[in-house]
Amino acid sequence: YRDDDDINDVASMAGVNLNEESAQIMATNSDLVGTQIQSCKDEPFLAAIPLHKRILEMAKKLGITDVPAEVVTFISHATQNRLRTVIEKVTVITQHRMESYKDDEWYEQATDVRSQLKFFEQLERLEKQRKDEQEREILLKAAKSRSRQEDPEQARLKQKAKEMQQQELAQMRQRDANLTALAAIGPRKKRKLDSPGLLTTGEGLGMSGASQAGLGTPSSRQYARQKITRVNLRDFIFYMEQERETSHSLLLYRALLK
C-alpha cells in the first residue's frame, strides 16, 4: 500500500523531480536574486539646496551641525506624501459639497430657500413700485395745483415734479433711439462654434464615428469639457477641523478669522 502523500503527489506521479527543477532555476537566475531594479531616478519633490539650508538652520538650534543628504531626500518625500494626502481629502470634501441630490428618488425636498428669497425680493420690488407710484401721484397733483398763495413746500414739490417729467421724457427718447439703432443694425448673427480653431483632440475621434453613422454634421458636434473641482477656504477649514493634528492648531484659528 502507498501512503496518502505518495498518492496525492501529482509531480512524483508525472516523473518530475522538484528539487532538480528548483536547483536549475536558481542556477539560471542566480544573477538576479538579491538585486534591486529601479525603473526611474529618485528625484526629490522640493529643491534640495534651499531645503538643506533650512534644515541646517533648525538643526543648529538643537546642537546638530551636520545633516546628511538622505535626510533632505526623506523630508522632501514626506512633504510630497503629506501634500498628496491633504489634496486627496480636501478634494473628496469638495466633491461631497458639490454633489446634488435633486434627482435622487430617495430624497424629497422640504424647503426651497432660493424660491423664498425670490418671493421676498419680488415683495420688496412691488412695495418700492407702490411707493414710487404714490410719490408720483403726489408730485403730479402738486404740479397741477394753481393756488395763488404757494408755500415753499408746494414750490419744492412742483420743481421735483418737473424734474421727474423731464427724466421720464429723456428715458423715452433714449429707448426710442435704442430701438431705432437696433432696427438699423438688423438681426444679430449667431456665432459659429464649428470653426477649425475650436476643434479639440477628443472631438476628432467622436466625429469620425459620427460621420460613419451618417451624423457628421457641423451642428451635431460635441465639445468635451473637463470637469474642474474648485476647493475654497470653507472646505479646507472643514478638513482641518476633522484632523487631529490641526483641530486645535493656530493655523485653524487664523483661517477662521479670515
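Before reading on, note that the structure itself is shown above.
So, here's what we can say about the structure. (Residues numbered from 1 in each chain as written. Predicted model: local features only at pLDDT ≥ 70, side-chain atom pairs only at ≥ 80, totals over all residues. Heavy atoms only, no water.)

### A closer look at the overall build of the protein
A count of helices and strands for the protein gives 10 helices and zero strands. Sorting the 258 residues of the protein into buried and exposed places 11% on the buried side. For the protein, restricting intrachain contacts to residue pairs at least 6 apart in sequence, the fraction spanning at least 24 positions comes to 49%. Surface summary for the protein: the accessible area is close to 23,800 Å², and the carbon and sulfur share equals 55%. (Helix = DSSP H or I, 4+ residues; strand = E, 2+ residues; numbered from the N terminus. Buried < 20%, exposed > 50% of the residue type's maximum accessible area, 1.4 Å probe, protein only. Contact = heavy atoms within 4.5 Å. Areas by Shrake-Rupley, 256 points an atom, 1.4 Å probe, with all protein chains shown as cover.)

### Structural notes on the packing of aromatic side chains
Evaluated as defined, the whole model comprises two aromatic pairs. Consider the rings of F119 and F120, whose centres lie 6.0 Å apart with planes at 55°: the pair is tilted. In this structure F119 comes out as partly exposed when scored by relative accessible area, which is 48%. Summarising the aromatic geometry, the rings of F236 and Y239 are spaced 6.0 Å apart at their centres and angled 40° between planes, so their arrangement reads as tilted. With a gap of three residues between them, F236 and Y239 both fall in helix 9 (residues 233-242), about one helical turn apart. The exposure class of F236 is partly exposed, given its relative accessible area of 31%. (Phe/Tyr/Trp six-rings, centres within 6.5 Å; stacked < 30°, edge-to-face > 60°.)

### Digging into a nonpolar patch on the surface
Taken together, the side chains of V113, L117, F119, F120, L123 and L126 define a hydrophobic patch exposed on the protein surface, amounting to about 590 Å² of accessible area. Secondary-structure assignment places F120 in helix 6 (residues 113-144). Assessed through its relative accessible area of 48%, F120 is described here as partly exposed. (Patch = residues over 30% accessible without salt bridge, like charges linked within 9 Å, V, L, I, M, F, W, Y side chains within 5 Å. Salt bridge = Lys/Arg side-chain N within 4 Å of Asp/Glu carboxyl O.)

### Some points on the nonpolar core
The biggest cluster of nonpolar side chains holds eight residues, and these are V86, V90, I93, I237, Y239, M240, L252 and A255. For I93, the contacting residues outside a window of four places in its chain are D235, F238 and Y239. (Core = buried A, V, L, I, M, F, W, Y, C linked by side-chain atoms within 4.5 Å.)

### Here we look at the packing of helix 9 against helix 10 (residues 250-257)
It is at 10 Å that the axes of helix 9 and helix 10 come closest, and there the two elements cross at 150°. Comparing their axes, helix 10 and helix 9 come out roughly antiparallel. Pair helix 9 / helix 10 crosses with left-handed handedness. Contacts from L233, I237, M240 and E241 in helix 9 reach L251, L252, A255 and L256 in helix 10. (Axes fitted to C-alpha atoms, helices over the stretch in contact; angles between N-to-C directions. Parallel < 35°, antiparallel > 145°, perpendicular 65-115°, else oblique. Left-handed = near helix turned anticlockwise from the far one by under 90°.)

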